[in-house]
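Descriptive structure summary
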Amino acid sequence: MGFNLTELVSCLDVRRMGADVYEGSNYPLAYRRIFGGQVLAQGIRSLHESAGGKQVKSITQYFPREGDVEEPVTYRVDKAHEGRTFATSAVRAQQGERTIGVMTASLHTPEPGIERTQAAPDVVPPGWAQAIENPILPWDVRVVEGGDLSDPTPREASYRFWMRIPDLGDVADVEQQWVHQALLAHASEPTIIGTALFPLDGVSQADAQVKFTSAVTTHSIWFHSEVRMDDWVLVDQQSPTMNGSRVFGRADIWTRDGRLVASVAQESMVRMREDS
């Protein structure tokens, strides 16, 4: 499974089908299931289209069943509450009568206030980190301390990497925050399961569908302040627990100058195969 940046960005462009109803095309993957990061990104775009000037503050996405890449996805936005500064909406992602995703979201009109953040992790800068190829993240990715998601050697369930999309010049709405939120949402989804597997001896993310089956069930993101994906951000991931065929992981997203711009939490199903 691999992504092309141009095609990935084009998937952000949902089409208006009616009042608060939008349709998105799927990324053309040979893998039959729709990638969850696409649903996150298109859901954020649909919220932006119906937001009336507010910005997405937080989302929680549930994945009740898999989607089919051969069929476009319809996003229906339900505005549960519309206040002067805050709003609450839900987005249902459907293929025909099948619901493949349910997103709840809080939106907020930007306003001034007290700013405080704890110190960022003390890691090497991007220029000193290890450049890697990640087929799901088709841009600059540089891993701190040489972590390898395909290495089955047991270690701490922690994974840190820098990432940056150096050129978003062809995106018409590049200055709008939703573009960067949508791309961050795509990038925040795929590596937490691999991080959770680090402490297991002889198992890695490379063993998906061989030694285990997995699927993200719930994914949440909080956007604390403006994020720019065309500058370096540090993704700091940990997974504190695995229990009952479920794994939990979280991540903080930091700018190069030490601002915490987003936080992520994810729960996934991971079932070890008896024949592995």
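So, here is what we can say about the structure in this document. (Residues numbered from 1 in each chain as written. Predicted model: local features only at pLDDT ≥ 70, side-chain atom pairs only at ≥ 80, totals over all residues. Heavy atoms only, no water.)

1. Concerning the overall build of the chain
- Secondary structure summary: the chain contains four helices and 13 strands in total.
- On C-alpha atoms alone, the chain measures out to a radius of gyration of 18 Å, which is about the 19 Å that the 2.2 N^0.38 rule sets for 276 residues.
- Projected onto its principal axes, the C-alpha positions of the chain cover 50 × 45 × 35 Å.
- Taking all 276 residues of the chain together, the buried fraction comes to 49%.
- Within the chain, contacts between residues at least 6 apart in sequence are counted, and of these 69% link residues at least 24 apart. (Helix = DSSP H or I, 4+ residues; strand = E, 2+ residues; numbered from the N terminus. Rg over C-alpha atoms; globule rule 2.2 N^0.38 Å. Buried < 20%, exposed > 50% of the residue type's maximum accessible area, 1.4 Å probe, protein only. Contact = heavy atoms within 4.5 Å.)

2. Thoughts on the layout of surface pockets
- Roughly 780 Å³ of internal volume is contained in the second largest pocket.
- Of all the secondary structure elements, the ones that give two or more residues to the lining of the second largest pocket are strand S3 (55-62) and helix H3 (177-188).
- With three residues, the top contributor of residues to the lining of the second largest pocket is S3. (1 Å grid on protein atoms, 1.4 Å probe; cavity = no way out; pocket = protein on both sides within 12 Å on 5 of 7 lines; lining within 4 Å. Points joined across faces, edges and corners; volume = space filled by probe spheres on them.)

3. Comments concerning the packing of helix H2 (residues 36-49) against H3
- Across the interface, H2 lies against H3 with an axial gap of 7 Å and an inter-helix angle of 160 degrees. In terms of orientation, H2 and H3 fall into the roughly antiparallel class. Handedness of the crossing formed by H2 with H3: right-handed. Of the residues in H3, those touching H2 at Gly 37, Gln 38, Leu 40, Ala 41, Ile 44, Arg 45 and His 48 are Trp 178, Gln 181, Ala 182, Ala 185 and His 186.
- Split into classes, the residues belonging to the contact of H2 with H3 amount to six nonpolar, five polar and one charged. (Axes fitted to C-alpha atoms, helices over the stretch in contact; angles between N-to-C directions. Parallel < 35°, antiparallel > 145°, perpendicular 65-115°, else oblique. Left-handed = near helix turned anticlockwise from the far one by under 90°. Nonpolar A, V, L, I, M, F, W, Y, C, P; charged D, E, K, R; others polar.)

4. Quick look at the nonpolar core
- By size, the foremost hydrophobic cluster in this structure holds 72 residues, and its most contacted members are Leu 47, Ile 59, Trp 139, Met 163 and Leu 183.
- A per-element tally of this core places H3 first, with seven residues.
- Leave out the neighbours within four places in its chain, and Met 163 touches Trp 139, Asp 140, Val 141, Leu 184, Ala 187, Met 229, Asp 231, Trp 232, Val 233 and Val 235.
- One finds Val 123, Ala 129, Trp 162 and Trp 232 within the second-largest nonpolar core, a separate group that totals seven residues. (Core = buried A, V, L, I, M, F, W, Y, C linked by side-chain atoms within 4.5 Å.)

5. Re H3
- For H3, with 12 residues, the first-to-last C-alpha span of 16 Å sits near the 16 Å given by 1.5 Å per residue.
- When you tally the buried positions in H3, you get 12 out of 12 residues, the bulk of the element.
- Those residues of H3 that fall on the buried side of the exposure criterion are Gln 177, Trp 178, Val 179, His 180, Gln 181, Ala 182, Leu 183, Leu 184, Ala 185, His 186, Ala 187 and Ser 188. (Expected span 1.5 Å × (residues − 1).)

6. Observations regarding the environment of Ala 30
- One can find Ala 30 in the loop between strand S2 (21-24) and H2.
- With 191 residues separating them in the primary sequence, Ala 30 and Ile 221 have C-alpha atoms 28 Å apart.

7. Quick look at the pattern of salt bridges
- Under the counting rule described, the total for this entry stands at 14 salt bridges.
- For Arg 45, the salt bridge goes to Asp 13, with nearest N and O atoms at 3.7 Å. Pair noted here: Arg 45 is in helix H2 and Asp 13 is in the loop between helix H1 (5-10) and strand S1 (15-18), with a separation of 32 residues, a long-range link.
- Given the relative accessible area of 9%, Arg 45 is considered buried.
- A cluster of three or more residues bridged by salt bridges with shared partners is formed by Asp 13, Arg 16, Arg 45 and Glu 49. (Salt bridge = Lys/Arg side-chain N within 4 Å of Asp/Glu carboxyl O.)

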